[in-house]
Amino acid sequence: MQDYFLFFILEEKIMKDSHTKEIDLINRDPKQINEDVVKVEFEDVIAEPDGTHSLDGVWKLSYTTFTVSKYWCYRILSAIFGIPVALLWGFLFACISFCHIWAVVPCIKSCLIESQCISRIYSLCIQTFCDPFFEALGKIFSSVRVALRKEV
């Protein structure tokens, strides 16, 4: 009984750890998913060519305004919409997983089982009817000789 209780506690700890793993607050894109998509800096959007420059103070203030507004706008939007959108994405991927596990894979397995049965019947029909026919044709045409001559 004590072994069962110990096993139950260990299994519960493993299940809990899989749902509450530590997340990295420094590197939030460890798989580089958004490396090319959203990495937009001031220089990628606004650039002044040679011969057309604004005042240095305006350029510095524009840079600061762009950077700070992008930073805080993202923070505010993620604070307002981050949790609801994460909930929707979690729900969507849970539904996709459910459909895949309980419908798609069993359907595919069922089709594979049925196709194996049909392929055996098809193979028997081919071996029974077509193999003798093609063997006979092969014996008929095996005595045919073709000679190629080049005439000048």
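The shown structure was predicted, so the numbers you read here are calculated from the model rather than taken from an experiment.

Structural notes on the overall build of the protein chain
Consideration 1: Across its full length, the protein chain carries 3 helices and 0 strands.
Consideration 2: Tracing the protein chain from N to C terminus, the helices and strands come up as α-α-α.
Consideration 3: The buried share of the protein chain, reckoned over its 152 residues, is 1%.
Consideration 4: Total accessible area on the protein chain is roughly 15,100 Å²; 69% of this is exposed by carbon and sulfur atoms.

Focus: the packing of aromatic side chains
Consideration 1: Taken as a whole and assessed by the stated rule, the structure comprises 7 aromatic pairs.
Consideration 2: Put simply, the rings of Phe42, Trp59, Tyr63 and Phe66 pair up and form one aromatic cluster.
Consideration 3: Lying across the ring of Trp72, Arg75 places its NZ or CZ 5.8 Å from the centre.

Some words on the UniProt feature "transmembrane region" (unreviewed entry) in the protein chain
Consideration 1: Taking the UniProt record as the reference, the feature "transmembrane region" (unreviewed entry) is found at residues 76-103.
Consideration 2: Structurally, residues 76-103 comprises 100% helix and 0% strand, and the distance from its first C-alpha atom to its last is 40 Å.

Quick notes on the state of the cysteines
Consideration 1: For the structure shown, the criterion picks out 0 disulfides.
Consideration 2: Looking at the unpaired Cys111, the closest cysteine sulfur is the one in Cys107, lying at 4.4 Å.
Consideration 3: With relative accessibility at 46%, the residue Cys111 sits in the partly exposed group.

Things to note about helix 3 (residues 56-141)
Structural remark: α-helix, 3.6 residues per turn; residues separated by three or four positions point the same way.
Consideration 1: Over its 86 residues, helix 3 extends only 91 Å from the first C-alpha to the last, a length that falls short of the 128 Å expected when each residue adds 1.5 Å.
Consideration 2: Maximum bend of helix 3: about 50°, positioned at Phe81, with proline Pro84 one to four residues after it.

A short note on the confidence of the model for the protein chain
Consideration 1: Chain-level pLDDT for the protein chain is 86 on average; 87% of the residues reach the 70-or-more range.
Consideration 2: Across the protein chain, the element-wise mean pLDDT spans from 57 in helix 1 (residues 2-19) up to 94 in helix 3.

Describing a nonpolar patch on the surface
Consideration 1: A contiguous nonpolar surface patch, about 1,200 Å² in accessible area, is contributed by Val68, Tyr71, Trp72, Ile76, Leu77, Ile80, Phe81, Val85, Trp89, Leu92, Phe93 and Ile96.
Consideration 2: Summarising the element assignment, Phe81 is placed in helix 3.
Consideration 3: Relative accessible area serves as the criterion here: at 46%, Phe81 is assigned to the partly exposed category.

Some points on unusual backbone geometry
Where the residue is not glycine, phi is negative for most of them; where a peptide bond is considered, it is trans in most cases.
Consideration 1: Its identity as a non-glycine residue notwithstanding, Gln32 has a phi of 55°, on the positive side.
Consideration 2: Looking at where Gln32 falls in the secondary structure, it is placed in the loop between helix 1 and helix 2 (42-45).

Cut-offs applied
- Residues numbered from 1 in each chain as written.
- Predicted model: local features only at pLDDT ≥ 70, side-chain atom pairs only at ≥ 80, totals over all residues.
- Heavy atoms only, no water.
- Helix = DSSP H or I, 4+ residues; strand = E, 2+ residues; numbered from the N terminus.
- Buried < 20%, exposed > 50% of the residue type's maximum accessible area, 1.4 Å probe, protein only.
- Areas by Shrake-Rupley, 256 points an atom, 1.4 Å probe, with all protein chains shown as cover.
- Phe/Tyr/Trp six-rings, centres within 6.5 Å; stacked < 30°, edge-to-face > 60°.
- Lys NZ or Arg CZ within 6 Å of the ring centre and 35° of its normal.
- UniProt positions renumbered as here; feature names shortened; annotations may be inferred.
- Disulfide = S-S within 2.5 Å.
- Expected span 1.5 Å × (residues − 1).
- Bend = angle between axes of the 7 residues up to and from the residue.
- pLDDT = per-residue confidence, 0-100.
- Patch = residues over 30% accessible without salt bridge, like charges linked within 9 Å, V, L, I, M, F, W, Y side chains within 5 Å.
- Salt bridge = Lys/Arg side-chain N within 4 Å of Asp/Glu carboxyl O.

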